[in-house]
Amino acid sequence: MLDLTYEAPKPKVIAGVKHDWELVIGMEIHAQVSSNSKLFSGASTQVGAEPNANVAFVDAAMPGMLPVINEYCIAQAVRSGLGLKAQINLRSAFDRKNYFYPDLPQGYQISQLYHPIVGEGEVLVELSPGVARLVRVERIHLEQDAGKSIHDMDPTMSFVDFNRTGVALMEIVSRPDIRGPEEAAAYVVKLRQILRYLGTCDGNMQNGNLRADVNVSVCRVGQYEKYQASQDFSHLGTRCEIKNMNSMKFIQMAIDYEARRQIAILEDGGTVTQETRLYDPDKNETRSMRSKEEAHDYRYFPCPDLLPLEIEQAWVDDIAASMPELPDAKKARFMGDFGLTDYDANVLTADLESAAFFEAVAQGRDGKQAANWVINELFGRLNKEGKSIADSPVSAGQLGGVLDLIAKGTITGKMAKDLFEIIWNEGGDPAEVAAARGMQQVTDTGAIEAALDALIAANPDQVEKAKVNAKLAGWFTGQVLKSTGGKANPAVVGAMVAQKLGL
Amino acid sequence: MSMTGSANTWTIAAARDALRKGEISAVDLTMACLTAMDAGDGLNAFVHKTPELALDQARAADLRIAGGDAPDLCGIPLGIKDVFCTKGVASQAASNILKGFVPQYESTVTAKLFDAGAVMLGKLNMDEFAMGSATESSCYGPAVNPWKVDDVLRTPGGSSGGSAAAVAADLCLGATGTDTGGSIRQPAAFTGTTGIKPTYGRVSRWGIIAYASSLDQAGPMGKSVRDLAIMLGAMAGHDAKDSTSADLAVPDFEAALTGDIRGKKIGIPREYRIDGIPAEIDALWARGREMLRDAGAEIVDISLPHAKYALPAYYVIAPAEASSNLARYDGVRYGHRAALAAGDGITEMYEKTRAEGFGPETQRRIMVGTYVLSAGFYDAYYNRARKVRALIKRDFEQAFAAGIDAILAPITPTSAFGLGEMDKASPVEVYLNDVFTVTANLAGLPGVAVPMGLDSKGLPMGLQLLGRPWDEAGLLNHAYVLERAAGFVAKPEKWW
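Computed from a predicted structure; not experimentally measured.

Engineer: Summarise the overall build of chain B; cite the residues concerned and give the values.
Structural biologist: Of the regular secondary structure elements, chain B holds 15 helices and 11 strands. Across its three principal directions, the C-alpha atoms of chain B cover 65 × 50 × 50 Å. Counting over 496 residues, chain B shows a buried share of 65%. Of the roughly 16,800 Å² that chain B leaves accessible, carbon and sulfur atoms contribute 53%. Here chain B contributes 48 positively and 56 negatively charged side chains, and the mean placements of these two sets differ by 3 Å.

Here it is as structure tokens:
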């Protein structure tokens, strides 16, 4: 792996009327654990089932029912922790967070307040080549998801669907190390990418499988450094928490709005009230949900139905041994092994499917050329048709076959694009399709020479101009390529033009 | 045990032997109990009767016995405390909030009993959600102690008061109970019956309606120590569905009843000599010491210095857990839901449902529990109580590490009191009933109640023995020695 060193980005500064202000952001990401069954029951986590089809007795909080820890969910949390280079706590414990809501059948959520399964870790968030923020992760804990209340089925009644009740969530809590809206979005993108690489969360934000609570505060320039030196939060402003964000765009807009709202209050001589807020994308504003005074008293206490969770270091080691290559390592390897640019390496490692496709194409071929073709031709075409890489009509093997024909000199780049189009629409083996359609570049120098000689004889003026200005010799090359219908090799034609004109 | 008298008066051991010898059929044995059960309505012990199920189970048991495959409990008629969820049979923990609740699942304990061939006569009265020591907080009204003197109706104790009354009145051969702070041992003492609270984790809690999860433990109640050994053998064992259940082998408890405790050390905790303890209880305790000494055990004074904090610690931890455990009774999914007025929302639904569904004692404990867990009071109450609990546990560990095999102590400060007698008492005075019993729950230790005799009023009195964790076998053997020495054979005069 390359030893990459990064420079920290500048914090976002918002100019107020009186002062400049900096942003301080911390995030709590709720990531639904990819697992077949729920955190404490055997009920399925499958989405799209009939309402209340995936509900075990314990999920519905029937009297006398007890939770039993799903070992796979624990393994997923450990895997996620290892992916964030985090401390794995061999002893953790579950607590009850008590509150009343119809979609919370037990009247409490089983969570991990006091002893989370995963401790301190980090996420490197790259913002541009050589510029990255190292965001510290405070902890990851496991907890139960709630069900879903449905208020629009009946004018007087509400309904509840417990299918999601008890599905495992990881809450990934960052330190307040994020310094601007773009960084915040980039943090979510990077975290999501890592979890998807690990297979511990599918990252589907539309379904709410990954959602963010964003803590925003503002401070005067210089205050953050004092906090960094002392870890004393009193140097920072009062934070507000924006709940339940599930779009990168809205995360940025909400942070920007919220920071400006707080700045306006502070510059007016007011104080920011610590509270929970909701973002309204239609109006682009945040609104108070409940203040600290109205905040629930969750009456956390250790869940007496579950013994403390003890795991063995050897078990953690087994999980560590089965870890996949993570995005940073893969990117460094792609840059090192295939000579990719930072940008291309980012694009190609964004998700595992793209990376695997590229690697299959690039293996034993020119890496840069493979990257160009995958990014420009394939991704361009997929985007245009709204298809994902998994649905690509052109396989990595087929694209590799096209590149092989270029490398052998059988076809020109221009012809390769036509061939790609045919394969996209009709499929087939590139070499066979090219042969069947007579797609073969002209390498017969006799034919090229005859065409060129005729051209020189017919255009003496152009010959004189080219002799004065060598750049104009390209006209002859272009004319020959045109007259041969793109089948002549441009390099061969160019060399012959230079020789004939004595350049 | 004598084989005279109607079959419902037999011990489990006697009935087992008679069934195996073909001297009686399970159906006839069950019929005798059903008749006694119906005649015992005045005791208000059974709150849901299941005679048809009982006869079906008895017939199946007779086939099993005929086939030579007869576990100890095969064909034995039992009563089941209403706190156990029984599939297809109303299970309400004596609370209005679970009115009409019929579980679609069978608790692990009852499933194990039925697998062993036991017959269920019906569900037994109890304090609402097992909160109480008189069965007076039941939505069905109080159970009545068959021991009646001076023409005063008395409590059978609680919370397993229905179980104790049913066993003492011979309405069944044995019963299940649960013990969170003494709810098996205290009713046993008040009714002249036996009962054991096993080590926490010995018996699965799955399917038992929770009161305080870290303290609740189910156990048998019966007419003899041997019957406890037989029933516990069937009830105990690891259950993957209960994470707090211990993965330990279940010994043959009955085989452990050798009657030999020579050389064993019996601890007498000096902190249990509380002020105001009636002389009769003190004298009973002394007699128990003598009996064990006469059997060859060594009597040792011990100290459990933190025992005096057990009662307040218990009345913080148990309500705290209860306030959370009972949050699920919200009217959304099952049980009682209040009729709502136009414009009422979810908050009104919660408030009205819970106000109507929970009785006063349950509401009190929910409020106390909510208070002690609230921000700002958590450390002063709940956390401090947990620390006290750890110290109490350590006191016992040190006693056992010093070679003590079992601890002998009173169960209750008095014999059974009259129904309604505690109505004017403050909750704290009522809670004082539990002063001798809650320590075993806080420490997770097994405790067994043994009837010792009658007091001057003619009411039963018992003593408890507390044992090492997981040593129910040794503990039952000590209890067996005490039982034989005490020779308690009195039965309440039938008045109901």
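Engineer: Let's hear about the overall build of chain A: which residues, and what values?
Structural biologist: Helices and strands together make up the secondary structure of chain A, namely 16 helices and 16 strands. Taking the principal axes of the C-alpha coordinates as reference, chain A spans close to 95 × 60 × 55 Å. Relative to its 503 residues, chain A shows a buried fraction of 50%. Of all intrachain contacts in chain A linking residues separated by at least 6 positions in sequence, the fraction that spans at least 24 positions is 70%.

Engineer: Summarise the interface of chain A and chain B; cite the residues concerned and give the values.
Structural biologist: Across the contact, 31 residues belong to chain A and 40 residues belong to chain B. With both chains or domains summed, chain A and chain B bury close to 2,900 Å², and 60% of this area falls on carbon and sulfur atoms. When the area that chain A buries against chain B is broken down by residue, the three leading residues are P63(A), F100(A) and R299(A), summing to 22%. On inspection of chain A and its partner chain B, the count reaches 1 salt bridge. Between D305(A) and R205(B) there is a salt bridge, with its nearest N and O atoms 3.2 Å apart. Put simply, the parts of the chain that give the side of chain A that touches chain B at least two residues each are β4 (95–98) and β15 (301–302) of chain A. Its residues placed into classes, the side of chain A that touches chain B shows 23 nonpolar, 4 polar and 4 charged.

Engineer: Describe the nonpolar core, naming the residues involved and giving the relevant values.
Structural biologist: All names here are of chain B. Among the nonpolar cores identified, the biggest contains 158 residues, and L73, F129, L292, F396 and L476 are the most heavily contacted of them. A total of 10 residues in this core trace back to one element, the largest contributor, which is helix α9 (residues 310–325). Those residues within four positions of F396 in sequence are excluded, and the remaining contacts are Y272, L304, I407, T439, A443, L445 and L466.

Engineer: Quick rundown of the pairing of β4(A)? Include the residues and the values.
Structural biologist: Residues and elements named next belong to chain A. Judged by which residues are buried, β4 turns out to be covered on both faces: D95 and K97 on one side and R96 and N98 on the other are all buried. Two elements, β4 and strand β5 (residues 108–111), share 4 bridges in a ladder whose sense is antiparallel. If you follow D95 over to β5, its bridge partner there is S111. Looking at chain direction, β4 and β15 are connected through 2 bridges and run antiparallel. Considered in β15, the bridge of D95 is made with P302.

Engineer: Can you lay out the pattern of salt bridges for me, pointing to particular residues and giving the numbers?
Structural biologist: All names here are of chain A. Scanning all chains against the criterion turns up 60 salt bridges over all chains. Between K331 and E126 there is a salt bridge, with the nearest N and O atoms lying 2.4 Å from each other. With K331 in helix α6 (residues 327–338) and E126 in strand β6 (residues 121–128), this residue pair connects regions lying 205 residues apart in the sequence. Owing to a relative accessible area of 4%, K331 belongs among the buried residues under this scheme. D418 is the salt-bridge partner of K414, the closest N and O atoms lying 3.3 Å from each other. Of this pair, K414 and D418 both sit in helix α11 (residues 413–426), 4 residues apart, roughly one helical turn.

Engineer: Tell me what's going on with the side chain of R277(A), and back it up with residues and numbers.
Structural biologist: Residue and element names in this part refer to chain A. Considering the arrangement of structural elements, one finds R277 in strand β13 (residues 275–280). Relative accessible area serves as the criterion here: at 6%, R277 is assigned to the buried category. In terms of polar contacts, R277 uses its side chain to reach the side chain of E275, at 2.3 Å. Looking at R277, its side chain comes within polar contact range of the main-chain oxygen of T286, at 2.8 Å.

Engineer: Before we move on, could you go through the sheet that holds β15(A) and cite the residues and values that matter?
Structural biologist: With respect to topology, 3 strands assemble into an open sheet ordered β5-β4-β15 (chain A), the strand pairing being antiparallel. The outermost strands of the open sheet, each flanked by one partner alone, are β5 and β15 of chain A.

Engineer: Give me the packing of helix α13 (residues 445–458) of chain A against helix α16 (residues 490–500) of chain A: which residues, what numbers.
Structural biologist: All names here are of chain A. Across the interface, α13 lies against α16 with an axial gap of 11 Å and an inter-helix angle of 50 degrees. For the element pair α13 / α16, the angle class is oblique. By crossing handedness, the relation of α13 to α16 is classed as right-handed. Here α13 contributes T445, I448, E449, L452, D453 and I456 to the contact with α16, which in turn contributes V492, V493, M496, V497 and K500.

Engineer: Just give me the short version of the packing of aromatic side chains, but keep the residues and values in it.
Structural biologist: Under the definition given, this model contains 33 aromatic pairs over all chains. Here the aromatic residues F101(B), F129(B), Y329(B), Y334(B) and F358(B) are joined through ring pairs into a cluster of three or more. Residue placement shows R179(A) over the ring face of Y224(A); its charged tip is 3.8 Å from the ring centre. Over the ring of W285(B) we find R273(B), and its NZ or CZ is 5.6 Å from the ring centre.

Engineer: An account of the pairing of strand β11 (residues 460–467) of chain B is requested, with residue identities and associated values reported.
Structural biologist: Residue and element names in this part refer to chain B. Of all 8 residues that make up β11, 8 are buried, and the element is covered over most of its length. Side chains of β11 alternate between two faces, with P460, G462, Q464 and L466 and M461, L463, L465 and G467 buried alike. Pairing of strand β9 (residues 406–410) with β11 involves 5 bridges; the strand directions are antiparallel. Note on β11: the bridge partner recorded for I407 is L466. Following strand β10 (residues 447–454), the chain reverses through 5 residues before pairing antiparallel with β11; G458 in that reversal takes a positive phi of roughly 95 degrees.

Engineer: I'd love a proper account of the environment of A295(A), names of residues and values included.
Structural biologist: Mapped onto the fold, A295(A) is located in the loop between β14 (285–291) and β15. For the pair formed by A295(A) and E275(A), sequence separation is 20 residues and the distance between their alpha carbons is 8.1 Å.

Engineer: Describe the sheet that holds strand β2 (residues 77–81) of chain B, naming the residues involved and giving the relevant values.
Structural biologist: Note: strands within a sheet are paired through backbone hydrogen bonds, in either parallel or antiparallel orientation. Residues and elements named next belong to chain B. Sheet architecture is open: 11 strands sit in the order β1-β3-β2-β4-β6-β5-β10-β11-β9-β7-β8, paired in mixed fashion. Bordering the open sheet on either side are β1 (46–49) and β8 (298–302), each of which pairs with just one other strand. Here the strands of the sheet are splayed against their neighbours by 30 degrees on average, with no regard to which way each runs. Alignment of β2 against strand β4 (residues 174–178), held across 2 bridges, turns out to be parallel. If you follow G79 over to β4, its bridge partner there is A175. Those strands touched by helix α3 (residues 51–66) are β1 and β3 (119–124), and its axis lies near 155 degrees from that of β3. Helix-sheet contacts for helix α12 (residues 379–401) involve β8, β9 and β11, and the interaxial angle to β11 is about 75 degrees.

Engineer: Explain a nonpolar patch on the surface to me, and be specific about the residues and the numbers.
Structural biologist: Residue and element names in this part refer to chain A. Residues M153, M157 and F159 make up a contiguous nonpolar surface patch of about 310 Å² in total accessible area. Counting through the fold element by element, M157 comes out in the loop between β8 (148–150) and β9 (159–161). Residue M157 is classed as partly exposed on the basis of its relative accessible area of 45%.

Engineer: Give me helix α2 (residues 181–198) of chain A: which residues, what numbers.
Structural biologist: Here α2(A) contains 18 residues, and its C-alpha end-to-end distance of 26 Å stays within 8% of the 26 Å for a straight helix at 1.5 Å per residue. G199(A) occupies a position one or two residues after α2(A) and carries a positive phi of about 75 degrees.

Engineer: Quick rundown of the packing of helix α1 (residues 71–83) of chain A against helix α5 (residues 313–321) of chain A? Include the residues and the values.
Structural biologist: Residue and element names in this part refer to chain A. Close contact between α1 and α5 brings their axes to 10 Å; oriented N to C, the two are set at 65 degrees. Helix-helix and strand crossings are classified by hand; for α1 and α5 the assignment is right-handed. Counted together, E71, I74, A75, V78, R79 and L82 of α1 and W315, V316, I319 and A320 of α5 form the full contact between these two elements. Counted by class, the contact of α1 with α5 contains 8 nonpolar, no polar and 2 charged residues.

Engineer: Any chance you could break down the confidence of the model for chain B for me, citing the residues and the numbers?
Structural biologist: In this model, chain B carries a mean pLDDT of 96, and residues with pLDDT of at least 70 account for 99%. Interface scoring of the predicted complex returns ipTM 0.97; its pTM is 0.92.

Engineer: How would you explain the environment of S323(B) if you had to name every residue and give the values?
Structural biologist: The topology assignment puts S323(B) in helix α9. Judged by relative accessible area, S323(B) falls into the buried class, the value being 5%. The spatial distance from the C-alpha of S323(B) to the C-alpha of E52(B) is 37 Å, given a sequence separation of 271 residues. What S323(B) contacts, discounting residues up to four positions off in sequence, is R299(A), I366(B), G369(B), T370(B) and L373(B). A distance of 2.7 Å separates the side chain of S323(B) from the backbone oxygen of A320(B), its partner in a polar contact.

The rules we used
- Residues numbered from 1 in each chain as written.
- Chains lettered and ligands numbered in written order.
- Predicted model: local features only at pLDDT ≥ 70, side-chain atom pairs only at ≥ 80, totals over all residues.
- Heavy atoms only, no water.
- Helix = DSSP H or I, 4+ residues; strand = E, 2+ residues; numbered from the N terminus.
- Buried < 20%, exposed > 50% of the residue type's maximum accessible area, 1.4 Å probe, protein only.
- Areas by Shrake-Rupley, 256 points an atom, 1.4 Å probe, with all protein chains shown as cover.
- Lys, Arg positive; Asp, Glu negative; His and termini not counted.
- Charge placed at Lys NZ, Arg CZ, Asp CG, Glu CD.
- Contact = heavy atoms within 4.5 Å.
- Buried area = accessible area lost by both parts, 1.4 Å probe.
- Salt bridge = Lys/Arg side-chain N within 4 Å of Asp/Glu carboxyl O.
- Nonpolar A, V, L, I, M, F, W, Y, C, P; charged D, E, K, R; others polar.
- Core = buried A, V, L, I, M, F, W, Y, C linked by side-chain atoms within 4.5 Å.
- Pairing = 2+ DSSP bridges.
- Polar contact = N/O pair within 3.5 Å; in protein donor to acceptor, adjacent residues only side chain to side chain.
- Axes fitted to C-alpha atoms, helices over the stretch in contact; angles between N-to-C directions.
- Parallel < 35°, antiparallel > 145°, perpendicular 65-115°, else oblique.
- Left-handed = near helix turned anticlockwise from the far one by under 90°.
- Phe/Tyr/Trp six-rings, centres within 6.5 Å; stacked < 30°, edge-to-face > 60°.
- Lys NZ or Arg CZ within 6 Å of the ring centre and 35° of its normal.
- Patch = residues over 30% accessible without salt bridge, like charges linked within 9 Å, V, L, I, M, F, W, Y side chains within 5 Å.
- Expected span 1.5 Å × (residues − 1).
- pLDDT = per-residue confidence, 0-100.

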